[in-house]
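Chain and residue survey
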Amino acid sequence: MKQYLSINDIDSLPNWVDEAISLKKNPCQFQQLGKGKTICLLFFNNSLRTRLSTQKAAMNLGLQIMVMNFGNEGWALEFEDGTIMDQGTSEHIKEAAQVVSQYCDIVAIRAFAKLEDKVKDEAEEVLNGFAKHASIPVVNMESSTAHPLQALADAITLGEHKTESKPKVVLSWAPHPKALPHAVANSFVQLMKRQEVEFIITHPKGYELNPEITENCQIEYNQEKALENADFVYVKNWCSYSDYGKVLTQDSSWMMTVKKLGKAKFMHCLPVRRNVVVEDAILDGNQSLVIEQANNRTYSAQIVLKKILETL
Amino acid sequence: MKQYLSINDIDSLPNWVDEAISLKKNPCQFQQLGKGKTICLLFFNNSLRTRLSTQKAAMNLGLQIMVMNFGNEGWALEFEDGTIMDQGTSEHIKEAAQVVSQYCDIVAIRAFAKLEDKVKDEAEEVLNGFAKHASIPVVNMESSTAHPLQALADAITLGEHKTESKPKVVLSWAPHPKALPHAVANSFVQLMKRQEVEFIITHPKGYELNPEITENCQIEYNQEKALENADFVYVKNWCSYSDYGKVLTQDSSWMMTVKKLGKAKFMHCLPVRRNVVVEDAILDGNQSLVIEQANNRTYSAQIVLKKILETL
Amino acid sequence: MKQYLSINDIDSLPNWVDEAISLKKNPCQFQQLGKGKTICLLFFNNSLRTRLSTQKAAMNLGLQIMVMNFGNEGWALEFEDGTIMDQGTSEHIKEAAQVVSQYCDIVAIRAFAKLEDKVKDEAEEVLNGFAKHASIPVVNMESSTAHPLQALADAITLGEHKTESKPKVVLSWAPHPKALPHAVANSFVQLMKRQEVEFIITHPKGYELNPEITENCQIEYNQEKALENADFVYVKNWCSYSDYGKVLTQDSSWMMTVKKLGKAKFMHCLPVRRNVVVEDAILDGNQSLVIEQANNRTYSAQIVLKKILETL
């Protein structure tokens, strides 16, 4: 595999999930694969789970690791072609990507949406800039529009916990004081479209995700109705896509509660604001899968890195 | 051993000191112990000695290491139970601690006192939050009220340099332009209470440490008198405990000088402000043990990590 | 070898270049050399190439690595002797250097010129402070006045690409919106003085480099004339040395163009501002050696570390 930019780079989702679950039982069995090879993790934004789990996955595969907070430690990057670079940017993505390619075998990149300019965010200039100009495989550690390592971890978690052949999964928007990106929701929706599930998205009007991504998905504005008989409820905030980057409402009636959850398993990518997105009782109860999702981030990253290493 | 939060977690101080001195002769003899295991160092505050020596100790034990500056690189943590997290904090300690526990086998934490609110500082919300919610051993790399890796390094240094069976040790307050925490002084006092020493604390009035910690300790407000015939003088600034967080005086007559030191050995945890806390001539002379104390930070951390690894 | 502070620490430049070119074919052949040894990289300034390539070089040699951004993660350093440290600095270079020496076998340091005070910059207080007080070898990862790892990488690149026994090399100043240090230019000039080359420096009046460094070098103020029949053109901005730290002109007619370059190979240390320092067509064309220079940073660092390790 030459890149992992979105879940479209997964050739067979059921196989990957099976392989991850098997890998989890003996995480260091492929230590020889990464021997003498190096991964560089470039963070343009903060990270806890991704930072640690991707390192852990790389260690499990015997890779050497370089971690860099590009924003603070490197140079301000230019992305436009043909610019006269006499302003704030010091280095062009063309050089940066080629240079990084000299020092490692795989580069993983985190660069969030800025939520100021939809066109710019959707251009994914950091991720796609690296993908275009690097001569080594590029892994997406959450970009403006996608978080495919999270989605794969979610698939693994669903694989481990589903008891029905076609479970009902609900993606339920939650209130949040800040404008958050669509990346996690987008990748989860794309994942659901490739799974044997009954899938419903529920959110207040105005919070419709990118319609290209939700094409053919069932959207239900009545949260209570959407949640009926759910097996898994994935809760996540995102800001408005049509009124790009705006917080249209913080209506607390959309917070997930024990009562609303019913018998379903609760999922969230973390970090999560307690008693805003979801009430304490769910996170502290035994229907929550959030810690297992976080744990599966290691195996999600490890499968991706393994697939890449096998083709190096 | 399941944690190292304070020197109370040392079961036998003389044994640990002996073991550390022996380890120092062949630091890599237990490389197999850490094989395939990972430690995560989480810094909520700056660090030079602790950052490097704890990494070095982990390397000597064959551990894999992940270092994270939590403040800049992660998410703002919430510590209160039941909070509606609609303000500045993005992630609850409950999730953070459980999540970190998924990716490593030991977590070490540095989180200083803020010196604004005694009750809050003494609650040790970061350290105790991790200790409570993590499922892996937690090591204190300096918390609000304790610096037990430093105290253990001090014990090793004393063990290497004492020539009397019951040496006289003086903890002498020194002036400083900024308000500094009590952590180092607290742990040193607790250490002295477990050693065969004649121990005196000297400081200006108003600089009494937490009386629970100094219970049964001799306090002498006359520095000159306290220092008489001392074998070891440990110099350290701290701010007022009763008038919490305040600098009551910067009286330079409390600075340690060659004349005052006499024949005693000089100790300090570093960093040290020259000619404010102690005069140049001491640090540049041969009675100073500060570099050896810094060196022993490696072996102090290594003994702690070894004890933990042996129980994993 | 006990240090690598400037290219004067290279005993035989042709041998080192040959050895690097040979090393490049099998970069991990000396993995045993670094076994059980540790290098600490201390950054007082930002870095991309140096950060990653020096880590890569250390990995290739089997070294353990600790990376620290001293400015953000450590304590503000004092460099003056005898200071009463009651102001902004918390730790003296004497202690810092000795302490770091306890935890590793080699220390590498990046500390740029501040361009405010020529005397202070030329005193190289950070680099020389460590060199003076550390008990371990010190490597310069770009200091106020020198960038000898870059110069050595440039020598390797020239060695790989020269087709004449005595090629013509031109160092050509370029415009830039910010005041940049002289370090790269200085080290390149010193390198050229030790090579079998015809060497010319060209820049606008007022941009003369330190005359001690350019002693016996040909300086030509007419860029076009200087570039005639050049085999290699090294382009770099620097600020005024006589009017220290000032940008005297941003005259865009000094930008390197395809037309001016002729048949010469183009060199630059990166990062480079496109269409200010050099036009796109050069960087995107096949006469540019900049990515190879960046690649050779690994082997430049690796030769230096190898030479040091051989004497430990």
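Remember, predicted model here, so these are calculated numbers, not experimental data. (Residues numbered from 1 in each chain as written. Chains lettered and ligands numbered in written order. Predicted model: local features only at pLDDT ≥ 70, side-chain atom pairs only at ≥ 80, totals over all residues. Heavy atoms only, no water.)

**A short note on the overall build of chain A**
Regarding its fold elements, chain A presents 14 helices and 12 strands. Over its C-alpha trace chain A gives a radius of gyration of 19 Å, about what one expects of a compact globule, namely 20 Å for 312 residues. Looking at chain A alone, contacts between residues at least 24 apart form 76% of all its contacts between residues at least 6 apart. Split by element, the accessible area of chain A, about 11,500 Å² in all, is 45% carbon and sulfur. Here chain A contributes 33 positively and 38 negatively charged side chains, and the mean placements of these two sets differ by 5 Å. (Helix = DSSP H or I, 4+ residues; strand = E, 2+ residues; numbered from the N terminus. Rg over C-alpha atoms; globule rule 2.2 N^0.38 Å. Contact = heavy atoms within 4.5 Å. Areas by Shrake-Rupley, 256 points an atom, 1.4 Å probe, with all protein chains shown as cover. Lys, Arg positive; Asp, Glu negative; His and termini not counted. Charge placed at Lys NZ, Arg CZ, Asp CG, Glu CD.)

**Describing the relation of the copies chain C and chain A**
For the pair chain C and chain A, the best superposition has an RMSD of 0.0 Å and corresponds to a rotation of 120° with a translation of 0.0 Å parallel to the axis. What the superposition gives is, in effect, a three-fold axis relating one chain to the other. (Least-squares fit on C-alpha atoms with pLDDT ≥ 70 in both.)

**Comments concerning the interface of chain C and chain A**
Facing the 29 residues of chain C at the interface are 31 residues of chain A. Carbon and sulfur atoms make up 56% of the area that chain C and chain A hide from each other, which totals about 2,700 Å². Between Glu73(A) and Arg51(C) there is a salt bridge, with its nearest N and O atoms 3.5 Å apart. Contributions of two or more residues to the side of chain C that touches chain A are made by helix H3 (49–60), helix H13 (280–283) and helix H14 (290–309) of chain C. With 7 residues, H3(C) is the largest single contributor of residues to the side of chain C that touches chain A. When the residues that make up the side of chain C that touches chain A are grouped by side-chain class, the tally is 12 nonpolar, 8 polar and 9 charged. (Buried area = accessible area lost by both parts, 1.4 Å probe. Salt bridge = Lys/Arg side-chain N within 4 Å of Asp/Glu carboxyl O. Nonpolar A, V, L, I, M, F, W, Y, C, P; charged D, E, K, R; others polar.)

**Considering the sheet that holds strand S9 (residues 198–202) of chain C**
Residue and element names in this part refer to chain C. Sheet architecture is open: 5 strands sit in the order S10-S9-S8-S11-S12, paired in parallel fashion. The open sheet terminates on both sides in strands that have one partner only, identified here as strand S10 (218–220) and strand S12 (265–267). The average angle at which neighbouring strand axes cross in this sheet is 25°, direction not considered. Examined bridge by bridge, strand S8 (residues 168–173) and S9 share 5 bridges and lie parallel to one another. Bridge pairing links lysine 168 to glutamate 198 in S9. Relative to strand S11 (residues 232–236), helix H8 (residues 148–161) is tilted by about 155°, and along the sheet it contacts S11 and S12. (Pairing = 2+ DSSP bridges. Axes fitted to C-alpha atoms, helices over the stretch in contact; angles between N-to-C directions.)

**Observations concerning the packing of aromatic side chains**
Residues and elements named next belong to chain A. Going through the model one piece at a time under the given rule, you end up with 24 aromatic pairs over all chains. Centre to centre, the rings of phenylalanine 188 and phenylalanine 199 are 6.1 Å apart; their planes meet at 70°, and the pair counts as edge-to-face. Residue phenylalanine 188 is located in helix H9 (residues 183–192), and its partner phenylalanine 199 is located in strand S9 (residues 198–202); the two are separated by 11 residues in the primary sequence. Among the residues examined, phenylalanine 188 registers a relative accessible area of 0% and is labelled buried. (Phe/Tyr/Trp six-rings, centres within 6.5 Å; stacked < 30°, edge-to-face > 60°. Buried < 20%, exposed > 50% of the residue type's maximum accessible area, 1.4 Å probe, protein only.)

**Observations regarding the sheet that holds strand S10 (residues 218–220) of chain B**
Residues and elements named next belong to chain B. One open sheet accounts for 5 strands, arranged S10-S9-S8-S11-S12; its pairing is parallel. In this open sheet, the two strands that pair with only one neighbour each are S10 and strand S12 (265–267). Sheet twist, expressed as the mean angle between neighbouring strand axes with direction ignored, is 25°. Note: strand S8 (residues 168–173) against strand S11 (residues 232–236), 5 bridges, orientation parallel. Bridge pairing in S11 places leucine 171 opposite tyrosine 234.

**Side note on the UniProt feature "domain: Aspartate/ornithine carbamoyltransferase carbamoyl-P binding" (unreviewed entry) in chain A**
As recorded in UniProt, the feature "domain: Aspartate/ornithine carbamoyltransferase carbamoyl-P binding" (unreviewed entry) lies at residues 3–159 of chain A. Across residues 3–159 of chain A, the secondary structure splits into 45% helix and 17% strand, with the terminal C-alpha atoms separated by 24 Å. (UniProt positions renumbered as here; feature names shortened; annotations may be inferred.)

**Quick word on the UniProt feature "domain: Aspartate/ornithine carbamoyltransferase Asp/Orn-binding" (unreviewed entry) in chain A**
On the UniProt side, "domain: Aspartate/ornithine carbamoyltransferase Asp/Orn-binding" (unreviewed entry) is annotated at positions that read residues 184–305 of chain A here. Its end C-alpha atoms 20 Å apart, residues 184–305 of chain A is made of 34% helix and 12% strand.

**Looking at the interface of chain B and chain A**
The accessible area lost on association of the parts is a frequent measure of interface size. Contact with chain B, which involves 31 residues of that partner, is made by 29 residues of chain A. Across the chain B to chain A interface the summed buried area is about 2,700 Å²; carbon plus sulfur atoms make up 56%. Taken together, chain B and chain A are joined by 4 salt bridges. Residues Glu91(B) and Arg49(A) are paired through a salt bridge, measuring 2.8 Å at the closest nitrogen-oxygen approach. Connecting chain B to chain A are 16 residue pairs in polar contact (both at pLDDT 80 or more). Elements with a contribution of two residues or more to the side of chain B that touches chain A: strand S2 (38–43), strand S3 (64–69), helix H4 (70–73), strand S5 (91–92) and helix H5 (93–103) of chain B. Here the element with the most residues in the side of chain B that touches chain A is H5(B); it accounts for 8 residues. Of the residues assigned to the side of chain B that touches chain A, the class counts are 12 nonpolar, 13 polar and 6 charged. (Polar contact = N/O pair within 3.5 Å; in protein donor to acceptor, adjacent residues only side chain to side chain.)

**Overview of the domain arrangement of chain A**
Residues and elements named next belong to chain A. For chain A, the assigned domains are domain 1 (3–147 + 297–309) and domain 2 (150–293). The interface of domain 1 with domain 2 comprises 29 residues on the first partner and 30 residues on the second. Here domain 1 packs against domain 2, burying approximately 2,400 Å² in sum over the two surfaces, 60% of which is carbon and sulfur. By the criterion of area lost to domain 2, the three top residues of domain 1 are Ile7, Leu115 and His147, representing 27% of everything that side buries. Where lysine 24 meets glutamate 160, a salt bridge forms, and the shortest distance between an N and an O atom there is 2.7 Å. (Domains from an automatic or database assignment.)

**Quick look at unusual backbone geometry**
Here Leu270(B) and Pro271(B) are connected by a cis peptide whose omega angle stands at -5°. Within the secondary structure layout, Pro271(B) lies in the loop between S12 and helix H13 (280–283). Even without a glycine there, the phi angle at Glu124(A) is positive, about 50°. Residue Glu124(A) is classed as buried on the basis of its relative accessible area of 7%. Located in the positive-phi region is Leu270(B), a residue other than glycine, with phi close to 65°.

**A short note on the pairing of S9(C)**
Successive residues of a regular strand alternate their side chains across the two faces of the sheet. Residues and elements named next belong to chain C. By the criterion of burial, S9 is predominantly enclosed, with 4 of the 5 residues buried. Since S8 and S9 lie parallel, the crossover through helix H9 (residues 183–192) that links them has a hand, and here it is right-handed. The pairing of S9 with S10 spans 3 bridges and is parallel. Paired with isoleucine 201 across the bridge in S10 is isoleucine 219. (Right-handed = clockwise from strand over helix to strand, strands pointing away.)

**Quick notes on the environment of Gly285(A)**
Residues and elements named next belong to chain A. Within the secondary structure, glycine 285 is located in the loop between helix H13 (280–283) and helix H14 (290–309). Residue classification places glycine 285 among the partly exposed positions, given a relative accessible area of 30%. Glycine 285 sits 27 residues away from valine 258 along the chain, and the two C-alpha atoms are 9.1 Å apart.

**Some details on the packing of H3(C) against H14(C)**
Residues and elements named next belong to chain C. The contact between H3 and H14 brings their axes to 8 Å, and the two run at 50°. Of the possible angle classes, the one that applies to H3 and H14 is oblique. Of the two elements, H3 crosses H14, and the hand of that crossing is right-handed. From H3, Arg49, Thr50, Ser53, Thr54, Lys56, Ala57, Ala58 and Asn60 reach across to H14, where they touch Ala294, Arg297, Thr298, Ala301, Gln302 and Leu305. Looking at the contact of H3 with H14 residue by residue, the class counts come to 5 nonpolar, 6 polar and 3 charged. (Parallel < 35°, antiparallel > 145°, perpendicular 65-115°, else oblique. Left-handed = near helix turned anticlockwise from the far one by under 90°.)

**Overview of H9(C)**
Residues and elements named next belong to chain C. Buried residues dominate H9, accounting for 9 of its 10 residues. Among the residues of H9, Ala183, Val184, Ala185, Asn186, Ser187, Phe188, Val189, Leu191 and Met192 are the ones counted as buried. Turning to H9, the residues buried within the fold contact helix H1 (13–25), H8, S8, S9, helix H10 (211–214) and S11.

**Points about the pattern of salt bridges**
For the structure shown, the criterion picks out 39 salt bridges over all chains. Here the salt bridges do not stand alone but share partners, grouping Asp81(A), Lys94(A), Glu95(A), Arg274(C), Asp280(C) and Asp284(C) into one network.

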